[in-house]
Amino acid sequence: MPQTTDIVDVNATIAYMADELRPRLAQHPLMIGIHTGGAWIAERLHALLGLTDPLGTLDISFYRDDFSRLGMNPQVKTSNLPANVEGRHVILVDDVLHTGRTIRAALNEIFDYGRPASVTLAVLIHRDGRELPIEAQVVGHHLKLKKNQHIKLLGPEPLKLEIQEAHT
Amino acid sequence: MKRDDLQFDSHGRLRHLLTIEGLPRQTILDILNTAESFISVGEREIKKVPLLRGKTVVNLFFEASTRTRTTFEIAAKRLSADVINLNPSASSTSKGETLLDTVRNLEAMHTELFVVRHRESGAAHLIAAHVPEHVHIVNAGDGRHAHPTQALLDLFTIRRHKGPIENLKVAIVGDILHSRVARSEIHALNTLGAAEVRVIAPKTLLPTAVEKLGVHAYTDMRAGLDGVDVVMMLRLQRERMTGALISSEQEYFNLYGLTQEKLSFAKPDAIVMHPGPMNRGLDIDSAVADGPQSVILPQVTYGIAVRMAIMALIMGGTQAESAPAGGRRT
Amino acid sequence: MMGIVIKGGRIIDPANKLDVVKDLYIDSTGFITGIGKAPEGFEATRTIDARGQIVCPGLVDLRARLREPGLEYKATMESETRAAVAAGITTLCCPPDTWPVIDTPAMAQMIQSRAWRFGLAFVHPLGALTQGLEGKLLTDMAALEEAGCVGVSNALEPITDTLVLRRAMEYAATFDLTVYLHAEDPWLRNSGCVHEGEVGTRLGLPGIPEAAETVAVARDLALIEQTGVRAHFCNLSSARALAMLTEAQKQGLPVTADVTAHHLHLTEHDIGYFNTQCHVRPPLRGLRDRDALRAALKSGVISAICSDHQPHEPDAKLAPFAESEPGISGLETLLPLTLKLVDEKLLSLSEAIGLLTAKPAEILGVECGALGIGATADICIFDPKAHWILSADKFVSRGRNSPFLGWEFNGRVTHTLVGGEVVFELGAAS
C-alpha cells in the first residue's frame, strides 16, 4: 500500500537546497529540470533563486537505455531549453537520484544541445542503489529504502513524496 | 471488414504500420503526440536522438520515389539508425526473384525495419505476413491501397494549423480512384471523427461505392468546397488522358484545379494541402500553392517528425498502461 | 457371374429418379448388373459395406484443369485424376487451354489416351473454338469431335471480333457441337482482378464491373439466337446476367449454365486483406449476386455445379493480389461444398447429387452420371455424417490453393469405383 511519507518536509527541503545553491549564483547559472518531478522542483528553485534565464526542462525519453525493452511512452513531453547551453554553468535538477541512469541520459541530451562549462546536479532525494558512477553535489535529503521500495514525487500542488512497495 | 490484426503483436503493441484501417483512435493519437516531441529535435543544433542507435532500417522501394524515400532516410538517421536504400526492379513479368525472396535475402542481413513502397496493392501486407517476429514493416505506399504515413502527417498538419479534427470539414480533390493517399486520409479522418469528409472529382476518377468509405462525393468544386476547413489536393498523373479518364489537362484544371477563385468557395481561413509533388497549373495554381493559406511546405517538415514517431513506436513497442511506476528507473 | 456387391447403401440416382436403400451389384466386366436383387448366379468377389452411406453415380465435373500438357510444374494428369477419384469424381471435362492448345485431333486424342492410361477418372476434352484460341481462324471442329471432343470453347480468351464469333457458332452448330462460353468483355475487364464494388474500392484493387459480364452475355445471347447453336455459359457470377439468362431460357433458347462451388459460398468480402486464395475468374461478387446464383440453382436456370479446378504451385499465390494467379484447387471441395447447401436447406440431397451427376452428364452429352442396369459402374460412395476439417496436408491434388482451408465439412467419400474397379478407398494405403 503506497504511503505518503512525512519524514521529509518537501517545501522546507527545497528551501534548504536553494540555500546550498546560492553561492553558485555568481556563475550566472542556467537551470534545467528533468520532467516531471525535477521540473516541479526546479520551478520553485528557479523562483527562490531569482534566476534571470528562463527555466529549461528536459524529457529524457529519447535517451533512455531501456528503450528496446520497454518501448516508447507516447506521453512524451517536449524538451525545452530556451537558452543556449554552450559555455554555460548548468544546474541540473531531479527529484530522486537512484540508479543514476536518468542523469546519464540527461547529460547525453544536454551535450547534444551544446557543450556546457560545467554541470552541477541537485536532487531532492538521494537514495542508495546506484548502478552508475554518478553523484549529486546538492542533496535535499538522504534516504535509505528497501530494495522493493520506490519513492515518487507527487505534484504539482501540493508536492508530496510517496513510497510504493513493488510486488515481487 | 475485420480488423487488421496483422499490425499488432500478441501484446497489442503496434508491430507494423500497413494501413490506417483497423488502427484504434488512441494509436493514431499516440503517433501524433509523439511526433510533437520530435519536432523540436529537428529545430536544434544536433538533430539526433539515440533511440534507434545500432538498428538498421532498409528503404525497400520497388516503386521509385526520391522525396518519400528521403524523408524516411532523414527520419531514421535522426533516430541514429543506420539506413540502407534499395530500389529493386518491380517488374512483375521478370523471371527474377519473387517479392518474398527479396525480403528473405534482406532479413539475413539482420534488418529490423523495412520501409516498403510497391506499385501493387497488398504488397506490404504480403511481406508483413511472412517476416519473422522481430522484423517490422512500414508501408510507404502500396498500389492504390494505402499510404498511412502520409495520412498521419496530414492529420498532424491539420491539427497544428486548425485544431481538433472533430470540428472540421475536409475535402479531398482529384484522382480519388487511383489514390492511396485519399483512401488512407479518409480512414484517418473518420477514425478521429472529422465533422465531414468529402471527395471531389469527375465521375471517371471516383471509385465505385466510394460513399461506403464514409465520404460524401461531389463532382462540382463549388458545391464540394462550400464551408470546408481543409482543402487537400491530390496529384493527377498526366498519363490519365490515355486511359480515357480525363479529356484534357486544360479542362481538368478549369474544373478541378485549385485556383484562388475556387479556394474562395471554402471558408476564408481554410488551409490548402498537397502530398506532393505538385503539378503546378494542373492540380493547383502556383499562386495558391505559394499563398498564405498553403501549408504545403510545413507538411514536409512534419513528415519527418511523424515518420520518426512511427519508427520509434514500432521499434520499441509501446509502454503498457499497467507498467509500474518503477518502470522508469531513476 | 463374379463381381462386387455394395451392400446396404442408400442409392441416390437422380437420372433414374431412384432414392432407395438397396444392394448394388456390379459384374466383373465393370457394368451394373443388379439393383436390390442379386442377378442369377452372382458371386461376390468383394463386398463393400455401405450401410449408413450414400451410393450415387460417380460425380461429373464440367470443368477441371489438369495442367498437362504445358504446366506440369503445377500438377499432372495423374495427380489430378487421382485427386478427382479421391473426391468421388469419375468424369472430368477439361478446357482446351492447355499448352499447346487442344485445336488438333492429335492433342484431343493424346489427352484422352493419357488419362486412360492411369485408369482413374475419365477425361473428356473440349476442343478450341478458334485456332490457338486466338479468336481469328476456325478450328477443324468436325475432326475434333471425331477425336473425342465433347464441345468447343475459347476458354478464357476473348473473341473480340463479333463476326468471327458468329461464324464459329454457326460452324459448331453444323456439327451439333455445344459451345462453352466464358462471358467477359475484355476491355471492361481491363486489368481488373476483383469485383468492382466496395471491397475493391477499399482495397485499392482494380475492379471488373458487372457490366463486363452482362455486355458479353447480351452479345452472346443475340448470336446464339441468330445462329441456333446450343450454348453453355460457364461460371456466370452476377445476378444481372442470370436475369438475362432466365429470360433467354423462357424464350426457348438452347442455353444452359453452370456455377462453381465456390461462387455459391464466397463473396468479395471473403477477400479480407488481400487473401489471394480468393483471387478467381470471374471474381467473387456481392451478397446479392451469390444469393441470385443460389436461387438460379434452385429454379433450374443453372443446372450444374462444377469445381473449375485450377491447381497452382505455392508461388502463384504468394504475390501481391493483382499479380497472383487466379484459381482454386477445387476438386476436393466440390462434393463437400455442394452438401453444405443441403445442410443449409437450399437443396434436397437428391437435387444436390443431380447437379453433380445427371445434369452435367446431360450438358456434356456423355453417357455417365447414372446407375441404371447396364451402365458403366462409375460409383461414388460417401458417408454423409463424417465430420472433417480441410487441411493442407489432406489434399491429394498437387495444388493446395484453396480458401476453404480450415473449413468444417459433413460428408466424406469412402469409396470410388471407375468401370467396376475400386480406384479410391479412404484410409487404404495408396
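Provided above is the structure to which this section pertains.
Every value quoted in this text rests on a predicted model; they were computed, and no experiment measured them. (Residues numbered from 1 in each chain as written. Chains lettered and ligands numbered in written order. Predicted model: local features only at pLDDT ≥ 70, side-chain atom pairs only at ≥ 80, totals over all residues. Heavy atoms only, no water.)

Remark: the empty space left among the atoms is shown by a probe the size of a water molecule rolled over them. Residues and elements named next belong to chain B. For the second largest pocket, the calculated volume is near 1300 Å³. What lines the second largest pocket is a set of 47 residues, among which E63, R117, R180, R235 and Q237 lie closest to the centre. Every element with two or more residues in the lining of the second largest pocket is listed here: α2 (66-78), α5 (148-162), α6 (180-191) and α11 (296-316). For the lining of the second largest pocket, the leading source of residues is α11, giving six residues. The residue makeup of the lining of the second largest pocket, split by class, is 14 nonpolar, 19 polar and 14 charged. (1 Å grid on protein atoms, 1.4 Å probe; cavity = no way out; pocket = protein on both sides within 12 Å on 5 of 7 lines; lining within 4 Å. Points joined across faces, edges and corners; volume = space filled by probe spheres on them. Helix = DSSP H or I, 4+ residues; strand = E, 2+ residues; numbered from the N terminus. Nonpolar A, V, L, I, M, F, W, Y, C, P; charged D, E, K, R; others polar.)

Listed by partner, the interface residues are 29 residues for chain B and 36 residues for chain A. With both sides pooled, the region where chain B packs onto chain A buries about 2600 Å², and carbon together with sulfur makes up 52% of that total. Where chain B touches chain A, the interface holds two salt bridges. Ionic pairing is found between R44(B) and D112(A), a salt bridge with its closest N-O pair at 3.8 Å. Secondary structure elements with two or more residues in the side of chain B that touches chain A: α1 (25-43) and α11 of chain B. In terms of residue count, α1(B) provides more of the side of chain B that touches chain A than any other element does, seven residues in total. Here the residues of the side of chain B that touches chain A are counted per class, giving eleven nonpolar, eleven polar and seven charged. (Contact = heavy atoms within 4.5 Å. Buried area = accessible area lost by both parts, 1.4 Å probe. Salt bridge = Lys/Arg side-chain N within 4 Å of Asp/Glu carboxyl O.)

This next bit is on the interface of chain B and chain C. Each partner contributes to the interface: chain B provides 30 residues, whereas chain C provides 20 residues. Seen at the junction of chain B and chain C, the total is three salt bridges. When the shortest N-O distance is used, the salt bridge between R202(C) and E21(B) registers 3.7 Å. Between the two partners, chain B and chain C, sit six residue pairs in polar contact (both at pLDDT 80 or more). Elements represented by at least two residues in the side of chain B that touches chain C include exactly α3 (99-107), α4 (123-128) and α6 of chain B. By residue number, the principal contributor to the side of chain B that touches chain C is α4(B), which donates three residues. In terms of residue class, the side of chain B that touches chain C is built from ten nonpolar, eleven polar and nine charged. (Polar contact = N/O pair within 3.5 Å; in protein donor to acceptor, adjacent residues only side chain to side chain.)

Further remarks concern the sheet that holds strand β6 (residues 196-200) of chain B. Residues and elements named next belong to chain B. If you trace the five strands from one edge of the open sheet to the other, you get β7-β6-β5-β8-β9, paired in parallel fashion. Only two strands of the sheet have a single neighbouring strand rather than two, namely β7 (216-218) and β9 (271-273). Recorded for the sheet is a direction-independent mean angle of 20° between the axes of neighbouring strands. Sheet strands in contact with α5 are β8 (230-233) and β9, and its direction is about 165° off that of β9. (Pairing = 2+ DSSP bridges. Axes fitted to C-alpha atoms, helices over the stretch in contact; angles between N-to-C directions.)

Time to look at the environment of H262(C). Residues and elements named next belong to chain C. Residue position: H262 is located in the loop between β17 (255-260) and α9 (287-299). Take H262: its relative accessible area is 3%, and that puts it in the buried class. Non-local contacts of H262, meaning those with residues more than four positions away in its chain, are made with V280, L284, S307, D308, I328, L337 and F404. (Buried < 20%, exposed > 50% of the residue type's maximum accessible area, 1.4 Å probe, protein only.)

Residue and element names in this part refer to chain C. In contact at an axis separation of 10 Å, helix α1 (residues 77-86) and helix α2 (residues 105-118) are set at 60° when each is read in the N-to-C sense. The pairing of α1 with α2 is recorded here as oblique in orientation. At the point where α1 passes α2, the crossing takes the right-handed sense. Where α1 approaches α2, its residues M77, E78 and T81 are matched on the opposing element by I111, R114, A115 and F118. Class assignment of the residues belonging to the contact of α1 with α2 gives a composition of four nonpolar, one polar and two charged. (Parallel < 35°, antiparallel > 145°, perpendicular 65-115°, else oblique. Left-handed = near helix turned anticlockwise from the far one by under 90°.)

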